[in-house]
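This is what each chain is made of:
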Amino acid sequence: MAQFTNPILPGSHPDPSVCRVGSDFYLVTSTFEYFPGLPIYHSRDLVHWRLLGHVLDRPSQLPLQGVRASGGLYAPTIRHHEGVFYVVCTLVDGTAKSGNFVVTATDPAGEWSEPRWLPEADGFDPSLFFDDDGGAWWTATREVPGGRPGQTEVWLREFDPLGLDLVGDEHVLWTGAMRDSVWLEAPHLYRVDGKYVLLCAEGGTDFEHSVVVATADEVTGPYTGSRLNPLLTHRHLGRDHPIAATGHADLVRTQTGQWFAVLLATRPYGGYCDNLGRETFLVPVSWEAGGPVFSPGTGRVEERYDVPDLPAHPWPAAAATDDFDAPVLDPAWMFLRTPDEVFWSLTDRPGHLRLAVRPAQVTDPVTPSIVLRRQQHQDFHASCELDFTPAGPSEAAGLVLLQNNDHHVRLMLGAGREVTLVLRVDGHDEQLAGVRVPEGPVRLGFEATGQEHRALVAAGDGEWTPVGEPFDGRVLSTQAAGGFTGVHIGLYATGGGAPSTSWADFGSFTYRGREG
């Protein structure tokens, strides 16, 4: 039988949530400080996914200005009810807005509503449940007042899908499966064979992550944890296992009656280091004695499984090279926080992405002139063609491997036609190498084989030459940098804090996985 390979969404795609409408599946994931927010993917076979766009793609919907690294959008849930799609989510540590909200759409690829903010909804990781009897319910997680650090509880309240309000009494449903457990979160409710099933994550989002479940006869409880908890975890497999940190699952039933779960996990490499962030995986689920069994037969997330009993539906493969000849940016590109002004153009010089040279820098919690895409392979090549003439001593443009403001690598063309390779760790810059290039367009690139990274430069159509010695990519891992995101690859221009009227023209960008 044909098989698929995990992850189904490689690169930084954490906290997946999925729903089915007829023969179509829709999935959203967290995006933290990146704009637009909450990518929405579409599939007809649960294996092949295409990016439709983003739920929050207007600045009015998503005020991320000034948000810290790994703040922003946490843990969305997508549901469909009577012709309407609902996405609920939490904006964490916003400087203008924070808290839980709901947005709606009748077409997931179309325009989503402005957020309906719910200040009465405590906590984070909200979810919606539409019951068979017509009831609608909101669940979320919050820290227990006066509890120990990380002690949380799941609570429930009735939801009005027309007014988008919480109504009625509040009910605390569950405090976790393990004694002294921490971070019971990501609650999702289902009704299966007459039982209410509360699926949660527990143990935090790193090595100790897990999936746990409780059931009840009534939606308001009481809920009883399964004796089989945790249903899924990799913490007992050790830090050398190729898949780690499994958790934050959401269930979906296909039209043929099969059950699957989407969940997050990491793929550490070069030791317990994950540069790709938390990715989206798919596992089969069966039901025994009223409860779900994840990955029957092995009880762990495998790299390969038999494909679902659905007609295969692959989408056209994305091109490795973006020549910037479309009228708008490809939806795979993102900005760092919400842009207050338009600093990019695809029309000023057709066939190029033009970035304005502005004072803002990627080292600060601002929105610099940068567009980014996810790193999605352990072994990869990323490169750009750049036409840029600095007009001042602090102006520079080039390519960035970004983990966060304080942990990244910059390969930049600056004054004197010098291309510099700068490593930033814990907020401190170290120039690793510099080479001079002749006038005219240049190509800048990064290549990685595992955690061995190297920077490359070429003049015009010339051959690639290295910029300095290979460097260790583990400084870009979550374990070194902290936070919740994976590495993003950016095209960047800056005045280094000084105002400018210059611009940088990028003629193309290429990204592809490569053999080690």
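Residues numbered from 1 in each chain as written. Predicted model: local features only at pLDDT ≥ 70, side-chain atom pairs only at ≥ 80, totals over all residues. Heavy atoms only, no water.

**Overview of the sheet that holds strand S22 (residues 279-288)**
Strand order in the open sheet formed by four strands is S20-S21-S22-S23, with antiparallel pairing between adjacent strands. Among the strands making up the open sheet, the edge pair consists of strand S20 (244-253) and strand S23 (291-294). Strand after strand, the sheet turns through a mean of 35 degrees between neighbouring axes, direction not considered. Across four bridges, S22 lies against S23 in antiparallel orientation. Residue pairing in the sheet places Trp287 in a bridge with Pro292 of S23. (Pairing = 2+ DSSP bridges. Helix = DSSP H or I, 4+ residues; strand = E, 2+ residues; numbered from the N terminus. Axes fitted to C-alpha atoms, helices over the stretch in contact; angles between N-to-C directions.)

**Details of the sheet that holds strand S12 (residues 136-143)**
Taken together, the four strands give an open sheet; going across it, the order is S11-S12-S13-S14, and neighbouring strands pair in antiparallel fashion. The sheet is open, and its two borders are formed by strand S11 (124-130) and strand S14 (165-174), each paired with just one other strand. Across this sheet, the average inter-strand angle for adjacent strands is 25 degrees, counted without regard to direction. Summarising the sheet, strand S13 (residues 152-160) and S14 pair through seven bridges and their orientation is antiparallel. Within the sheet, the bridge partner assigned to Phe159 lies in S14 and is Leu166.

**Things to note about the environment of Phe159**
Following the sequence through the fold, Phe159 ends up in strand S13. Sequence-wise, Phe159 and Phe130 are 29 residues apart; in three dimensions their C-alpha atoms are separated by 9.2 Å.

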